[in-house]
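Examining the three-dimensional arrangement
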Amino acid sequence: MQNTSYESIKQVIKQRRAIFPPSYTGQEIPKSLLVELLECANTAPTHKRTQPWRFIVFRERGLTKLADQLAEQYKEHTPAEHFLQKKYENTREKVLQSGVVIAIAVSYSGALPQWEELAATACAVQNLWLAASAVGIGGYWSSPATIQHVGDFLGLAANEACLGFFYMGFHNEPARDANRSPILDKVRWEE
Ligand SMILES: Cc1cc2nc3c(=O)[nH]c(=O)nc-3n(C[C@H](O)[C@H](O)[C@H](O)COP(=O)(O)O)c2cc1C
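Residues numbered from 1 in each chain as written. Predicted model: local features only at pLDDT ≥ 70, side-chain atom pairs only at ≥ 80, totals over all residues. Heavy atoms only, no water.

1. Some points on the overall build of the protein
Regarding its fold elements, the protein presents six helices and four strands. Tracing the protein from N to C terminus, the helices and strands come up as α-α-β-α-α-β-α-β-α-β. Here the protein has a C-alpha radius of gyration of 18 Å; the compact-globule value for 191 residues is 16 Å, and the two agree. Structurally, the protein occupies a C-alpha span of about 60 × 45 × 40 Å along its principal axes. Within the protein, the proportion of its 191 residues that are buried is 37%. (Helix = DSSP H or I, 4+ residues; strand = E, 2+ residues; numbered from the N terminus. Rg over C-alpha atoms; globule rule 2.2 N^0.38 Å. Buried < 20%, exposed > 50% of the residue type's maximum accessible area, 1.4 Å probe, protein only.)

Shown next, in the form of structure tokens:
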């Protein structure tokens, strides 16, 4: 007998792709839907239930503030000989093309090795990504070098760190297969 919830989740997992801002349509993402997607993130597994994921959601006028900040951080922290005006402009543009950009942060509790809280936060992002993908919202996780410098802008505490930004938008991209080498090349069986 076919298990429909297994078939559905398998399809959502396999169809999730990184979808980039130039493909976003500009359709508004309602705040109520964002809360639902964040609720999905919030059910990620978490050792000792430290729930270390933190999200700062940029939408509407917040996107302009973030666009300016990321572009300025790129300028400030890139040696003049490596600075590219095109990259500066793209950094702003991709934020402004997005329906929402979510800063991903981890809050280290001190109760666990940091890697466990990083791993839990990544699980939360995957939940968000899968749920967004299932409602037709594309996204991708961006981790530029400038994330080391955005703590003050994001209002992070001393035990918190930014792990990147999740760009999101409704999109019309056709489905494409995952580009992965075979799983059996990454598995060793002990039988
Ligand atoms: C922790 C993490 C950081 C990432 N950072 C970036 C990034 O800075 N730039 C980027 O283009 N993609 C980034 N990605 C997304 C991957 O590029 C994307 O998942 C990969 O290209 C595979 O595509 P797919 O997810 O559609 O299969 C990141 C993904 C993860 C998990």
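Past the structure itself, the notes keep going.
2. Here we look at the site of the ligand
The local shell around the ligand consists of Arg-16, Arg-17, Ala-18, Phe-20, Trp-129, Tyr-140, Trp-141, Ser-142, Ser-143, Arg-176 and Arg-180. At 2.8 Å from an oxygen atom of the ligand is found a side-chain nitrogen or oxygen belonging to Arg-180. For the ligand, the protein covers 57% of the area, taking 620 Å² as the surface of the free molecule. For the shell around the ligand, the element with the highest residue contribution is strand S3 (residues 137–142), accounting for three residues. (Near = heavy atom within 4 Å. Polar contact = N/O pair within 3.5 Å; in protein donor to acceptor, adjacent residues only side chain to side chain. Areas by Shrake-Rupley, 256 points an atom, 1.4 Å probe, with all protein chains shown as cover.)

3. Structural notes on the packing of aromatic side chains
A complete count under the given rule lists six aromatic pairs for this structure. A centroid spacing of 4.5 Å and a plane angle of 55° characterise the contact between Phe-20 and Tyr-140, whose relative ring orientation is tilted. Highlighted residues: Phe-20 in the loop between helix H1 (4–15) and helix H2 (31–41) and Tyr-140 in strand S3, separated in sequence by 120 residues. Given a relative accessible area of 11%, Tyr-140 falls into the buried group. Ring geometry for Trp-129 and Phe-166: centres 5.3 Å apart, planes at 65°, overall edge-to-face. Residue Trp-129 is located in helix H5 (residues 114–134), and its partner Phe-166 is located in strand S4 (residues 160–170); the two are separated by 37 residues in the primary sequence. (Phe/Tyr/Trp six-rings, centres within 6.5 Å; stacked < 30°, edge-to-face > 60°.)

4. Here's the deal with the pattern of salt bridges
Per the counting criterion, the structure on display carries six salt bridges. In this structure, Arg-59 and Glu-28 form a salt bridge, with 3.5 Å as the shortest nitrogen-oxygen distance. Taken as a pair, Arg-59 in the loop between strand S1 (53–58) and helix H3 (61–76) and Glu-28 in the loop between H1 and H2 lie far apart in primary sequence, 31 residues in all. Between Arg-92 and Asp-68 there is a salt bridge whose closest N-O contact spans 2.8 Å. Separated by 24 residues along the polypeptide, Arg-92 in helix H4 (residues 85–96) and Asp-68 in helix H3 bring together distant segments of the chain. What makes Arg-92 partly exposed here is its relative accessible area of 26%. A single network of salt bridges, built from pairs that share partners, joins Glu-28, Arg-59 and Glu-60. (Salt bridge = Lys/Arg side-chain N within 4 Å of Asp/Glu carboxyl O.)

5. Here we look at the packing of H3 against H4
Interhelical geometry of H3 versus H4 gives an angle of 160° and a closest axis separation of 8 Å. Here H3 is positioned roughly antiparallel relative to H4, judged by the angle of their axes. The two elements H3 and H4 meet at a crossing, and its hand is right-handed. Along its contact with H3, which presents Leu-63, Thr-64, Leu-66, Ala-67, Asp-68, Leu-70, Ala-71, Glu-72, Tyr-74 and Lys-75, the element H4 presents Lys-87, Tyr-88, Thr-91, Arg-92, Val-95 and Leu-96. Split by residue class, the contact of H3 with H4 holds nine nonpolar, two polar and five charged. (Axes fitted to C-alpha atoms, helices over the stretch in contact; angles between N-to-C directions. Parallel < 35°, antiparallel > 145°, perpendicular 65-115°, else oblique. Left-handed = near helix turned anticlockwise from the far one by under 90°. Contact = heavy atoms within 4.5 Å. Nonpolar A, V, L, I, M, F, W, Y, C, P; charged D, E, K, R; others polar.)

6. Considering the sheet that holds strand S2 (residues 100–107)
Ordered by their spatial adjacency, four strands build an open sheet running S1-S2-S4-S3, and the pairing between neighbours is antiparallel. Among the strands making up the open sheet, the edge pair consists of S1 and S3. The sheet shows a mean angle of 25° between the axes of neighbouring strands, direction not considered. Pairing analysis gives six bridges linking S1 to S2, with the strands arranged antiparallel. Following the sheet pairing, Arg-54 is matched in S2 by Ala-105. Against the sheet, H5 touches S1, S2, S3 and S4, its axis set at about 155° to S2. (Pairing = 2+ DSSP bridges.)

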